[in-house]
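Chain by chain, the residues:
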Amino acid sequence: MKTIGIIGAMREEITPLLDFFKEYNEIQIGGNIFYVTTYKNYNIVIAYSKIGKIHASLTCSTMGLHFNADYIIFTGVAGGLSNDLKVGDIVLASSLCQYDVDISAFGHPLGFIPESKLYIDTDSNLNEIAKRAANKQNIELKYGIIASGDSFISDKDKKQWIIDNFKACAVEMEGASIAVVSSLLNIPFCIIRAISDSADDNADVSFDEFLEDSAKKSASFIISILDEME
Ligand code: ADE
């Protein structure tokens, strides 16, 4: 049986999945609890990493190296950068970048690490499955670049800086870790995020208000993706 690793950053982002699957075994590794269950003909491993790129890297590495995940799917919330994104909209990442990487002192472009890539593409097959799942439910998926970094963006100038430098449509704090780790381990991955705020001066208030609802929207879309997988 193939194994699908599903990662969120915060407990709220995976609780709807645990409620859906109801029964699972718990395995503790590296400060995370991995919830192990089956669905259709897949092993499912679910965990929340805790916030930020380092935590997400560890959780994703554990999914790959310990649980031998064949696919990684990230579910959670994000700040919207594009004007056409509003709270509750779902974003499917085309690629991920780290807006907080800066070794431009040595002539490198912002976000670029030698021997890596500025933008890491998500898996086209998983993305097609996600798009099919969205079409069936008349969900309008936004497909675009997601920028990750270890800050909660709640400032219109910083927001504009990320848009200008990275052409991203949404911002969050883990997606690029999943992209770096999964691609290095050759695990197909996709990143789904529902918008909780607009990364502007009101972002903290909006995040607190909509975290739970948007996390649920993202998680229930993950279930539709699983249902669309063979
Ligand atoms: N996740 C959700 N909203 C965010 C924001 N504004 N900045 C960073 N991560 C987020």
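Just above sits the structure.
So, here is what we can say about the structure in this document. (Residues numbered from 1 in each chain as written. Predicted model: local features only at pLDDT ≥ 70, side-chain atom pairs only at ≥ 80, totals over all residues. Heavy atoms only, no water.)

Attention now goes to the environment of Ser214. Relative to the helices and strands, Ser214 is located in helix α6 (residues 203-228). Judged by relative accessible area, Ser214 falls into the buried class, the value being 2%. Along the sequence, Ser214 and Ile195 sit 19 residues apart, while their C-alpha atoms lie 6.4 Å from each other. In contact with Ser214, not counting residues within four places along its chain, are Val77, Val87, Gly88, Ala194, Ile195 and Ser196. (Helix = DSSP H or I, 4+ residues; strand = E, 2+ residues; numbered from the N terminus. Buried < 20%, exposed > 50% of the residue type's maximum accessible area, 1.4 Å probe, protein only. Contact = heavy atoms within 4.5 Å.)

Secondary-structure assignment places Ser94 in strand β6 (residues 90-98). The exposure class assigned to Ser94 is buried, which follows from its relative accessible area of 15%. Separated by 3.4 Å, the side chain of Ser94 and the backbone nitrogen of Ile145 make a polar contact. Not counting residues within four places of it along the chain, the set of residues in contact with Ser94 comprises Ile120, Asp121, Thr122, Tyr143, Gly144 and Ile145. (Polar contact = N/O pair within 3.5 Å; in protein donor to acceptor, adjacent residues only side chain to side chain.)

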